[in-house]
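Letter by letter, the chains look like this.
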Amino acid sequence: MDGKEPAERDELAESLNDLFTNLSIMIKGELQGTNDLLELLEKMNLRVAEEYKSFGDLASGLRIFVEQLKSKSGCFDEYVQQIDAIEQQVTEFEAVISMLDKYVALLESKVQSVYQVPPS
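Residues numbered from 1 in each chain as written. Predicted model: local features only at pLDDT ≥ 70, side-chain atom pairs only at ≥ 80, totals over all residues. Heavy atoms only, no water.

Engineer: Could you give an account of the pattern of salt bridges, with specific residues and numbers?
Structural biologist: According to the stated counting rule, one finds 4 salt bridges in the structure shown. For Glu50, the salt bridge identified is with Arg47, shortest N-O distance 3.9 Å. In this pair, Glu50 and Arg47 are both assigned in helix α1 (residues 4-75), 3 residues apart and thus about one turn of the helix distant. Of the charged contacts in the structure, one is a salt bridge between Arg63 and Glu67, with a shortest N-O distance of 3.2 Å. Taken together, the positions of Arg63 and Glu67, both in helix α1 and 4 residues apart, correspond to about one turn of that helix. Note on Arg63: relative accessible area 46%, which makes it partly exposed. Given the relative accessible area of 43%, Glu67 is considered partly exposed. In this structure, a network of salt bridges that share partners links the residues Arg47, Glu50 and Glu51. (Salt bridge = Lys/Arg side-chain N within 4 Å of Asp/Glu carboxyl O. Helix = DSSP H or I, 4+ residues; strand = E, 2+ residues; numbered from the N terminus. Buried < 20%, exposed > 50% of the residue type's maximum accessible area, 1.4 Å probe, protein only.)

Engineer: Pulling in residues and values, what's your account of a negative patch on the surface?
Structural biologist: Together, Glu8, Asp10, Glu11, Glu14 and Asp18 make up a negatively charged patch on the protein surface. Mapped onto the secondary structure, Asp18 falls in helix α1. (Patch = residues over 30% accessible without salt bridge, like charges linked within 9 Å, V, L, I, M, F, W, Y side chains within 5 Å. Areas by Shrake-Rupley, 256 points an atom, 1.4 Å probe, with all protein chains shown as cover. Lys, Arg positive; Asp, Glu negative; His and termini not counted. Charge placed at Lys NZ, Arg CZ, Asp CG, Glu CD.)

Engineer: Pulling in residues and values, what's your account of the environment of Val104?
Structural biologist: Structurally, the position occupied by Val104 is in helix α2 (residues 77-116). You can call Val104 partly exposed: its relative accessible area is 47%.

Engineer: Provide a residue-level description of the packing of aromatic side chains, including the pertinent values.
Structural biologist: Working definition: an aromatic ring pair is given by the centre-to-centre distance plus the angle between the planes. Under the counting rule described, the total for this entry stands at 2 aromatic pairs. Between Tyr52 and Phe55, the ring centres sit 5.9 Å apart and the planes meet at 70°, which makes this aromatic pair edge-to-face. Of this pair, Tyr52 and Phe55 both sit in helix α1, 3 residues apart, which is roughly one turn of that helix. Classification of Tyr52 as exposed rests on a relative accessible area of 57%. A centroid spacing of 6.5 Å and a plane angle of 50° characterise the contact between Phe76 and Tyr79, whose relative ring orientation is tilted. (Phe/Tyr/Trp six-rings, centres within 6.5 Å; stacked < 30°, edge-to-face > 60°.)

Pasting the structure below:
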């Protein structure tokens with residue numbers, strides 16, 4: 001038994017050593033994969049941050065542009081009110097013209113009816 005035991009122990013020790021070596025290699029590979037993913041994520045975050053920074057600059061420029069447009073459009077408020085008043089007057093004028101047109105048509109039909117009656 002003494003002869004078999006050291007050989008079995010050596011074989012067991014060698015198998016355990018192989019197991020732990022392979023397990024160590026597997027864990028190192030998993031950790032390297034995780035590390036690579038984290039590095040990729042970091043690069044993606046930096047790229048997105050750059051993109052959003054340019055969006056922020058664009059938004060700031062647009063805000064300034066909108067403020068300028070508001071200040072310029074304030075100058076046109078008086079003209080817009082005048083245009084609205086003219087539009088209201090045109091609408092009223094069209095209504096009067098329509099009434100006059102109907103009245104003229106009525107007078108025209110009366111005149112025609114008077115001239116169509118044969119003299120007695």
